[in-house]
Amino acid sequence: MNFVSTRGTAAPCNLSTAIAAGLAPDGGLYVPTTLPRLGVSDFDGCASLPAIAVRLLQPFFAGDALAPELAAICNEAFDFPAPLRALATPQDHVLELFHGPTAAFKDFGARFLAACLSRLQRGKANELTIVVATSGDTGAAVAAAFHGRPGLRVAVLYPDGRVSPRQAHQLGCFGDNIHTYNVSGSFDDCQRLVKQALNDAALQTQVPLSSANSISLGRLLPQMSYYASASLQHWRAHGRALDFVIPTGNLGNAFAAILARALGLPLGRIVLATNANDVLPQFFAGADYAPRASVATLANAMDVGAPSNVERLRWLYPDDAQLRAAFRATAVDDEAIRDTIARRWRNHGEIHCPHTATAVRVLEDLRRDGADGDWCVVSTAHPAKFESIVEPLIGRAVEVPPALAELLRRPAQAEPLAADYAAFAQRLREL
Ligand SMILES: *Cc1c(COP(=O)(O)O)cnc(C)c1O
């Protein structure tokens, strides 16, 4: 299969090229040239998450140099579960995506991307440096996924003092081929440094660079796997499609669900939950699409004012009316997030992270308005990652999952860096 850019002006390329490049040369996002059709019966005999992933991703890997490695890549990347559990309220479920090394859904995509890139790097003379700017979760997932991989190293930039102490610890606890910089500046400064490096052709003749942000095809494609797995599990048990509410910032995770449904998997309705950054809810309610600066909220991994994957959404649904008919999106403000976290604990004994709480709230409102069917909220992170928000609301400590506890036991350190491009480029040359 070949891949083209959403902007339509880059030459078609194969999967390996698209994964290695991240962004298409014309600035667009890579999408497949055709959509394979996959029905429920195509997955007969596939029970485990890696087995379902292999079946699902085979058409996208067909003809590529990575095709013979697909099973090994899936076994390596999907070595932790994505359980579908019942919530306390009837016919409501939760898909838990936080059982990976850094306790957030980004572990799935980051580990798959790392498994692909490490194979593409085999036999190459030069090391490849992945540069990533993070406001918390992305950097930790990428660092964990690339740690110790030969031929690859990572430079992670985070804004000093603007990530939680636990997040800072996760970013700085790897060492070896992971280089962590705490930048005296904002997240936007970090992103500017990374973009400038990725556009610096002279630097890249000395230090080959690549990115690992959420628009990468190597993160998007594998994320379809847990939607396939959960929807098939539900279909096999009940003969009905499962409806989803997905917490959304950049639409990376949600677009994977949308694409999985477009391929033919038994996902029913898809509803997007945002925080107070309500560009998508406004658009789906009929307003023009109007990206703007983000505002800070309790669900900070979703503080996005210009969701990049909207380009892919518009590729799949070129007609706005059709697009608006296919999805709903609802915004949840901080007060409602707090209320949902406290109330679900008090009334049902459930503990949700602030991101997951936006989806739980949207589902509660749908039920109140009479929605029928079997619904699933997507839990994007373990509440222990956001303990400073969750613990005061529920009045008790949140138990830290073992993988995260293991990271928090390691010593951590980050190198201070001025928000200055020349200084950053020099560090990259010296790695
Ligand atoms: C990144 C992240 C999100 C948002 O995911 P997108 O793919 O950007 O929509 C939601 N919740 C958590 C915990 C995250 O880390």
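Since the model is a prediction, treat every value here as computed from it, not as a measurement.

### Describing the site of the ligand
- Neighbouring the ligand are 14 residues, the closest being Lys106, Asp137, Gly249, Asn250 and Thr380.
- In this structure, an oxygen atom belonging to the ligand sits 2.8 Å away from a main-chain N or O atom of Gly249.
- Relative to its unbound accessible surface of 380 Å², the ligand loses 97% to contact with the protein.
- In terms of residue class, the shell around the ligand is made up of five nonpolar, seven polar and two charged.

### Digging into the pairing of strand β10 (residues 267-274)
- The buried fraction of β10 is high, at seven of eight residues.
- Taking the sense of rotation as the criterion, the β-α-β connection linking strand β9 (residues 242-247), helix α10 (residues 252-263) and β10 turns out right-handed.
- Sheet topology note: the β10/strand β11 (residues 328-331) ladder contains four bridges and is parallel. Residue pairing for β11: Thr274 is matched across the bridge by Ala331.

### Thoughts on the packing of aromatic side chains
- Overall, the coordinates contain twelve aromatic pairs when judged by the stated rule.
- Centre to centre, the rings of Phe78 and Phe108 are 5.9 Å apart; their planes meet at 35°, and the pair counts as tilted. Placement of Phe78 in the loop between α3 (70-77) and β3 (84-86) and of Phe108 in helix α4 (residues 106-120) is noted, with a sequence separation of 30 residues between them.
- Classification of Phe78 as buried rests on a relative accessible area of 3%.

Scoring rules and cut-offs
Residues numbered from 1 in each chain as written. Predicted model: local features only at pLDDT ≥ 70, side-chain atom pairs only at ≥ 80, totals over all residues. Heavy atoms only, no water. Near = heavy atom within 4 Å. Polar contact = N/O pair within 3.5 Å; in protein donor to acceptor, adjacent residues only side chain to side chain. Areas by Shrake-Rupley, 256 points an atom, 1.4 Å probe, with all protein chains shown as cover. Nonpolar A, V, L, I, M, F, W, Y, C, P; charged D, E, K, R; others polar. Buried < 20%, exposed > 50% of the residue type's maximum accessible area, 1.4 Å probe, protein only. Helix = DSSP H or I, 4+ residues; strand = E, 2+ residues; numbered from the N terminus. Right-handed = clockwise from strand over helix to strand, strands pointing away. Pairing = 2+ DSSP bridges. Phe/Tyr/Trp six-rings, centres within 6.5 Å; stacked < 30°, edge-to-face > 60°.

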